[in-house]
Amino acid sequence: MVVDVDLKPINSDEVDLKRPIIVAGPCSAESEEQMLETAKGVAAAGVKIFRAGIWKPRTRPNAFEGVGTEGLKWFKTVQKETGLLVATEVANTKHVYEALKYGVDIIWIGARTSANPFAVQDIADSLRGVKIPVMIKNPVNPDVDLWVGAIERINNAGIQQIVAIHRGFSTYDKSIFRNAPHWQLPIELRRRIPEIPMLTDPSHIAGKRELIYDICQKAMDLNFDGLIIETHCNPDKALSDAKQQVTPDALKEILGRLILRDPEVKEQLMLSLAVMRDKIDKLDDKLINLIDERMSIVGEIGEYKKDNNITILQNKRWDDMLKNRLTLGNKHKLSEDFITKLFSAIHQESINKQTTIMNEG
Ligand code: PEP
Ligand code: MN
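Because the structure is a prediction, the values reported are computed rather than measured. (Residues numbered from 1 in each chain as written. Chains lettered and ligands numbered in written order. Predicted model: local features only at pLDDT ≥ 70, side-chain atom pairs only at ≥ 80, totals over all residues. Heavy atoms only, no water.)

A.B. asks: Teacher, can you tell me more about the overall build of the protein chain here?
C.D. replies: When its secondary structure is counted, the protein chain shows 13 helices and eight strands. Taking the principal axes of the C-alpha coordinates as reference, the protein chain spans close to 75 × 50 × 40 Å. Each of the 361 residues in the protein chain was classed as buried or not, and the buried ones make up 45%. Counting only carbon and sulfur atoms, one obtains 53% of the accessible surface of the protein chain, whose full area is about 19,400 Å². The distance from the centre of the 49 positive side-chain charges to the centre of the 51 negative ones in the protein chain is 3 Å. (Helix = DSSP H or I, 4+ residues; strand = E, 2+ residues; numbered from the N terminus. Buried < 20%, exposed > 50% of the residue type's maximum accessible area, 1.4 Å probe, protein only. Areas by Shrake-Rupley, 256 points an atom, 1.4 Å probe, with all protein chains shown as cover. Lys, Arg positive; Asp, Glu negative; His and termini not counted. Charge placed at Lys NZ, Arg CZ, Asp CG, Glu CD.)

Have a look at this one:
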């Protein structure tokens, strides 16, 4: 895969984009005044790339579905008056043609679209021979392969300026987030395609403005390349995603407060880090040996259940066990969420092992 790490947008050689790359602007374009006032605010906060949705994918019909092509003219005003680069979401070939016709600098593929290979392929085909940076949001479902697939489709169409956007994932579980961040997924994407710049979208992860700063800081501490933050001149009156948008002043305050840590470990720090990491490696080795020991007992129990015709799962045993592990974990200040995930994984693997034993012979 040829991915160009230089994010310099095509139409504007002089824009200097350094980490963190910040994209900011409203969820939706609503009026020329709203666009311009917000754009001036984000430019004053030091931002170089302005976002606004022209066509909005809404969960239910009859919600505000974007102003459509009309809004593309307002981008021109923003470009002219502020010098900002402008970015919008495209979900089909018509959107691509319209966005290109009106000189949009950067396009992005939304989370619902990147989950659909047919739609991504159509967009890719309409981009053949075009030079424009494309940002690709993670699909709504937590599937790294699907995200990689969308990136490959766009890359195969000849687009080299590709950026990934981590915007969180839909889940059934209740959580403080609108979309669960599942940080291990963008981390895995970067392991597979290390050259791809990664932006985090704290707005769609959080769903509420109070959580935005912490998510931004976490993305920076994971050495991601930037952030895309929904910003509106009057957030409470926004026609979409009102609760998660911040004012340009709040954006400036968030960006000002971010701590940018060093991604490289300096020589003199390397030694102490190596000593501590060595301890971790040894402990992990012990942990795996313990799990192995536990698994052989799981196997013995499996044989016993098979010989005595007992079901693998007994609800009460699992319930008692989890409660007990939560209490133990609590004494060591290990979070309920972590203990539940850890023991659910161990329990699932034990069930798998016993299922194999039951079906043998
Ligand atoms: C958006 O950026 O406004 C948007 C619709 O995002 P997502 O595709 O992440 O839901
Ligand atoms: Mn939005």
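A.B. asks: I tried to follow the domain arrangement of the protein chain on my own but got confused; where do I start?
C.D. replies: Many descriptions give the size of an interface as the accessible area lost when the pieces come together. What the domain assignment reports for the protein chain is domain 1 (21-257) and domain 2 (267-358). Distance from the C-alpha centre of domain 1 to the C-alpha centre of domain 2: 39 Å. (Domains from an automatic or database assignment.)

A.B. asks: Before we go on, may I ask you to explain the site of ligand 1 in this structure?
C.D. replies: Among the 13 residues in the neighbourhood of ligand 1, the closest are listed as R51, K56, R112, K137 and R167. Within the contact set of ligand 1, an oxygen atom lies 2.8 Å away from a side-chain nitrogen or oxygen of K137. Within the complex, 97% of the 290 Å² of free accessible area of ligand 1 lies under protein. Here the shell around ligand 1 is composed, by residue class, of four nonpolar, two polar and seven charged. (Near = heavy atom within 4 Å. Polar contact = N/O pair within 3.5 Å; in protein donor to acceptor, adjacent residues only side chain to side chain. Nonpolar A, V, L, I, M, F, W, Y, C, P; charged D, E, K, R; others polar.)

A.B. asks: Explain the packing of helix α12 (residues 315-331) against helix α13 (residues 336-359) here, please?
C.D. replies: When two helices pack together, their arrangement is given by the angle between the helix axes and the distance between those axes. Between α12 and α13, whose axes approach to 10 Å, the crossing angle comes to 140°. The orientation of α12 with respect to α13, classified from their angle, is oblique. The element α12 and its partner α13 pack so that their crossing is right-handed. Residues W318, M321, L322, R325, L326 and G329 of α12 lie in contact with α13, whose contacting residues are E336, I339, T340, F343, S344 and H347. (Axes fitted to C-alpha atoms, helices over the stretch in contact; angles between N-to-C directions. Parallel < 35°, antiparallel > 145°, perpendicular 65-115°, else oblique. Left-handed = near helix turned anticlockwise from the far one by under 90°. Contact = heavy atoms within 4.5 Å.)

A.B. asks: Is there a simple way to think about a nonpolar patch on the surface in this case?
C.D. replies: A contiguous nonpolar patch, built from V265, L269 and M270 and spanning about 250 Å² of accessible area, is present on the exposed surface. In this structure, L269 sits in helix α11 (residues 267-307). (Patch = residues over 30% accessible without salt bridge, like charges linked within 9 Å, V, L, I, M, F, W, Y side chains within 5 Å. Salt bridge = Lys/Arg side-chain N within 4 Å of Asp/Glu carboxyl O.)

A.B. asks: Explain the coordination of the manganese ion (ligand 2) to me, please; I cannot follow it from the model alone.
C.D. replies: Tetrahedral coordination by four donors puts the ideal angle at the metal at 109.5 degrees, and octahedral coordination by six puts it at 90 or 180 degrees. At the metal site, the manganese ion (ligand 2) is ligated by C27 (SG), H204 (NE2), E230 (OE) and D241 (OD), and these contacts range over 2.1 to 2.4 Å. Positions of the donor residues of the manganese ion (ligand 2), expressed as sequence spacing, correspond to C-x176-H-x25-E-x10-D. Note that H204 is positioned in helix α8 (residues 202-206) and D241 in the loop between β8 (226-230) and α10 (248-257), a separation of 37 residues in sequence. (Donors = N, O, S within 2.8 Å, 3.2 Å for Na, K, Ca; no water.)

A.B. asks: I tried to follow the side chain of H347 on my own but got confused; where do I start?
C.D. replies: Tracing the backbone through its elements, the reader meets H347 in helix α13. Other than its neighbours up to four places away in sequence, H347 contacts L313 and W318.

A.B. asks: Help me out: how do you make sense of α13 in this one?
C.D. replies: Note that an α-helix has 3.6 residues per turn; residues three or four places apart therefore point the same way. A rise of 1.5 Å per residue sets the reference length of α13, with its 24 residues, at 34 Å; its end C-alpha atoms lie 34 Å apart and thus fit the reference within 8%. Looking at the buried residues of α13, the elements they touch are α11 and α12. Positive phi appears at G361, one or two residues downstream of α13, with a value of about 70°. (Expected span 1.5 Å × (residues − 1).)

A.B. asks: What should I look at first to understand the pairing of strand β1 (residues 21-25) in this one?
C.D. replies: Looking along a regular strand, one sees the side chains alternate between the two faces of the sheet. Along β1, five of the five residues are buried, which leaves the element largely enclosed by surrounding structure. Of the pairings in the sheet, the one linking β1 to β8 comprises five bridges and is parallel in character. In the sheet register, I21 faces β8, and the bridge partner there is G226. Judged from the two bridges that link them, β1 and strand β2 (residues 49-51) form a sheet pairing that is parallel. Paired with A24 across the two strands is F50, which belongs to β2. Handedness of the crossover joining β1 and β2 through helix α1 (residues 32-44): right-handed. (Pairing = 2+ DSSP bridges. Right-handed = clockwise from strand over helix to strand, strands pointing away.)

A.B. asks: Got a minute to help me understand the nonpolar core in this structure?
C.D. replies: In summary, soluble globular proteins display a tendency toward joint burial of nonpolar side chains. One finds F50, I154 and L189 to be the most contacted residues of the largest nonpolar core, which totals 66 residues. By size, the runner-up hydrophobic cluster in this structure holds twelve residues, among which are V23, A87, I165 and L199. (Core = buried A, V, L, I, M, F, W, Y, C linked by side-chain atoms within 4.5 Å.)

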